[in-house]
Amino acid sequence: MDTATSTKAGKGHEYPAIDTVEDSAPPPLLSKLESALKPKSFWTKYPAWVSSRYLMAVTSFYSSLGDFLFGFDQGIMAGLLVNQVFKDRFFSPYMDSHGSISPNITGITVACLQVSAGFAALSCSRLCDILGRRYCMRIGGLIYFVAAFIQAFAPSLPCFIVGRTIQGFGVGFLSMTVPVIQSEIAAGHKRGLMVGVEFTFNILGYATSCWVDYGFFFHLPSNMSWQGPYFVQCAIAFLMLSLSVIVPETPRWLAANGFPAEALQTLANLHSDGRIEQDEVVAMNIEIQEAVLYERHLGVASWKEMFTIYRHRTFMAMTGQMFAQLNGINVISFYLASSLETAGFSTEKSLLYAGYNSVVYIFATLPTWYLADKWGRRPLLMFGSISMAIALSMVCMFTELPSLSALQRANGMFAFVVVYNAIFGATWGPIPWLLPAEVFPLRARAKGMSLATVANWAFNFAIGMSSPAAFAGIKGYYYLIIVGFCLISLAMVKYMYIETARVTLEEIAIQFGDRAFEHEDQLDLQEMVRSQQNKDTNTKV
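Remember, predicted model here, so these are calculated numbers, not experimental data. (Residues numbered from 1 in each chain as written. Predicted model: local features only at pLDDT ≥ 70, side-chain atom pairs only at ≥ 80, totals over all residues. Heavy atoms only, no water.)

Engineer: So what's going on with the nonpolar core? Residues and values would help.
Structural biologist: Here is a general trend for soluble globular proteins: nonpolar side chains tend to be buried in one another's company. Counting residues in hydrophobic clusters, the biggest one holds 134 residues, and the most contacted among them are Phe424 and Tyr479. Sort the elements by how many residues they give to this core and helix α2 (residues 52-80) lands first, with 12 residues. If sequence neighbours within four positions are ignored, Tyr479 has contacts with Val331, Ile332, Ser339, Leu392, Val395, Cys396, Thr399, Met413 and Phe471. Among the nonpolar cores identified, the runner-up in size contains 14 residues, and Ala263, Leu267, Ile288 and Leu442 belong to it. (Core = buried A, V, L, I, M, F, W, Y, C linked by side-chain atoms within 4.5 Å. Buried < 20%, exposed > 50% of the residue type's maximum accessible area, 1.4 Å probe, protein only. Helix = DSSP H or I, 4+ residues; strand = E, 2+ residues; numbered from the N terminus. Contact = heavy atoms within 4.5 Å.)

Shown next as structure tokens:
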């Protein structure tokens, strides 16, 4: 391979010129397909009245709607599983003589989405690099929109499961792309805030679905009692698709894909009201361009590299998402209404209390907007592990104490579920989505986020599939197994995680021992950035 290189005297460091062809380039036919799919131009000019604050808010709101839809889906199933019209329509052929539904059938209905979401997240990484973050969001929103209609008009359980499985592909695209967008548009000192906002929208989606389920419950015995929530889903997905027309692509993706002028203008649009000469924008642009040039020298990260040179990052990203599930949140999210009904509440009261719980859950996510950057990632996670273990131990006690009445059992269980959800919402909810979006360098960010999201959906599936059978077998003692996972996650974070708060995405490389921004390399890289910018200017002239 012929490459033009710039060698630093006495150092022996070589960097390829900007038009380097990497050894890992795809086959010619695939390369042509990727070239045909990749966008050729981007519109980066906004009217003068569109301020940076407004554009940042709209962009963050747009990407957060992806998490809103993810959360909405979690809550919607919790309500439908106690809706008698829904159960009669879809589960009547699968009920036993006592009117009970097989735990395996319930598990498949809930968990089929997680399987397809995991596959989508894994396959989405390359598309996210080719098409850009915004287009991947658009694809995910469109799939979600169509699948919601399929479920709303499904005539049977197999058709409903097909629709839910298709929806999983949309959710997978959204859950992988949203954290990347939030972290790539944010300034270094506000990255925790931006991803905190994103997670709050996730819980807002969950809460909205709980109250939508409760509201449509009063349409019983009409089919609208279970179809209505899906029509709401369609409306939100349509709003997200509409906003995708006006929001910008992320500046880091633009810089990495041959749009340096557009990257600079987008940074200015997001951070300085469109003024490209502002010092903050110039500094951010140089830092991003340095990272792009250095990572282009290394080439596109391979899947093998994710488990070799980036293994510590991959470990943090995947185990964070893994324990976010093993620490029990979806045991609560999917089956809270069912558990409260089993404990002694009526169906209406179970849905109402699930709604109350979701409101507390929303407010619990708000302190993280500030604390994720102020305290750091590790302290929040460790506090969460300890506190959740205590709360779930109390849930187990109230579930299994034989001396309690049904009402005491249900009230005590609900009280500590609310405590658990509040703690999770402030700690293990948002931080595992933030870590994979920030620990990987640009060349590996899409693959890293894919692996983390796959871990999320794999263990999400395992929890969703196994929980009905576990509750049927060991009842409330199942919560003690989750307590054990909380304690394991505490030790893992304390001894194996690196703190990433209060530094830029590019500076995080130093935390993991990369040389991309060591002083001896930085001057050479800055010279290359200036040279490339002059080249771009001369080309345009």
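Now that the structure is up, let's keep going.
Engineer: Can you lay out the environment of Arg445 for me, pointing to particular residues and giving the numbers?
Structural biologist: Looking at the secondary structure, you find Arg445 in helix α19 (residues 442-474). Put simply, Arg445 and Ala301 are 144 residues apart on the chain and 8.9 Å apart in space, counted from C-alpha to C-alpha.

Engineer: With reference to specific residues and values, describe the packing of aromatic side chains.
Structural biologist: Under the criterion given, the structure shown has 30 aromatic pairs. With 4.9 Å between their ring centres and 65° between their planes, Phe345 and Tyr353 make a pair best called edge-to-face. Assigned by exposure class, Phe345 and Tyr353 land together as buried. The cationic tip of Arg134 hangs over the ring face of Tyr135; the distance from NZ or CZ to the ring centre is 5.3 Å. The cationic tip of Lys447 hangs over the ring face of Trp303; the distance from NZ or CZ to the ring centre is 5.5 Å. (Phe/Tyr/Trp six-rings, centres within 6.5 Å; stacked < 30°, edge-to-face > 60°. Lys NZ or Arg CZ within 6 Å of the ring centre and 35° of its normal.)

Engineer: I'd love a proper account of the pattern of salt bridges, names of residues and values included.
Structural biologist: Following the criterion strictly, the structure yields six salt bridges and no others. One salt bridge connects Arg445 with Glu184, and the closest N-O pair in it is separated by 3.0 Å. Note that Arg445 is positioned in helix α19 and Glu184 in helix α6 (residues 157-185), a separation of 261 residues in sequence. In this structure Arg445 comes out as buried when scored by relative accessible area, which is 1%. A relative accessible area of 1% places Glu184 in the buried class. Linking Glu438 and Arg377 is a salt bridge whose minimum nitrogen-to-oxygen distance equals 2.9 Å. Note that Glu438 is positioned in helix α18 (residues 431-439) and Arg377 in helix α16 (residues 377-400), a separation of 61 residues in sequence. Overlapping salt bridges bring together Asp129, Arg133, Glu184 and Arg445 as one network. (Salt bridge = Lys/Arg side-chain N within 4 Å of Asp/Glu carboxyl O.)

Engineer: Go over α18 with me, naming the residues and quoting the values.
Structural biologist: Most of α18 is tucked away: nine of the nine residues are buried. Considered for burial, the residues of α18 that qualify are Ile431, Pro432, Trp433, Leu434, Leu435, Pro436, Ala437, Glu438 and Val439.

Engineer: Could you give an account of helix α11 (residues 279-298), naming the residues involved and the relevant values?
Structural biologist: Spanning 20 residues, α11 covers 29 Å between terminal C-alpha atoms, matching the ideal 28 Å at 1.5 Å per step. All of the buried residues along α11 are Val281, Met284, Asn285, Glu287, Ile288, Gln289, Glu290, Ala291, Val292, Leu293, Tyr294 and Glu295. Positive backbone phi, approximately 90°, marks Gly299, located one or two places after α11. (Expected span 1.5 Å × (residues − 1).)

Engineer: Describe a nonpolar patch on the surface, with residues and values.
Structural biologist: Taken together, the side chains of Trp211, Tyr356, Val359, Phe363, Leu366 and Trp369 present a nonpolar region at the surface, about 540 Å² in accessible area. If one sorts the elements of the nonpolar patch by residue count, helix α15 (residues 347-374) sits on top with five residues. Relative to the helices and strands, Phe363 resides in helix α15. (Patch = residues over 30% accessible without salt bridge, like charges linked within 9 Å, V, L, I, M, F, W, Y side chains within 5 Å. Areas by Shrake-Rupley, 256 points an atom, 1.4 Å probe, with all protein chains shown as cover.)

Engineer: Describe the side chain of Asn456, with residues and values.
Structural biologist: Mapped onto the elements of the fold, Asn456 is located in helix α19. At a separation of 3.0 Å, a polar atom in the side chain of Asn456 contacts the side chain of Gln321. For Asn456, the contacting residues outside a window of four places in its chain are Gln321, Gln325 and Trp433. (Polar contact = N/O pair within 3.5 Å; in protein donor to acceptor, adjacent residues only side chain to side chain.)

Engineer: Explain the packing of helix α14 (residues 329-343) against α19 to me, using residue names and the numbers behind them.
Structural biologist: Interhelical geometry of α14 versus α19 gives an angle of 65° and a closest axis separation of 9 Å. Where α14 crosses over α19, the handedness of that crossing is right-handed. When α14 is examined against α19, the residues Asn330, Val331, Phe334 and Tyr335 are found in contact with a partner set consisting of Asn460, Ile463, Gly464, Ser467, Pro468 and Phe471. (Axes fitted to C-alpha atoms, helices over the stretch in contact; angles between N-to-C directions. Left-handed = near helix turned anticlockwise from the far one by under 90°.)

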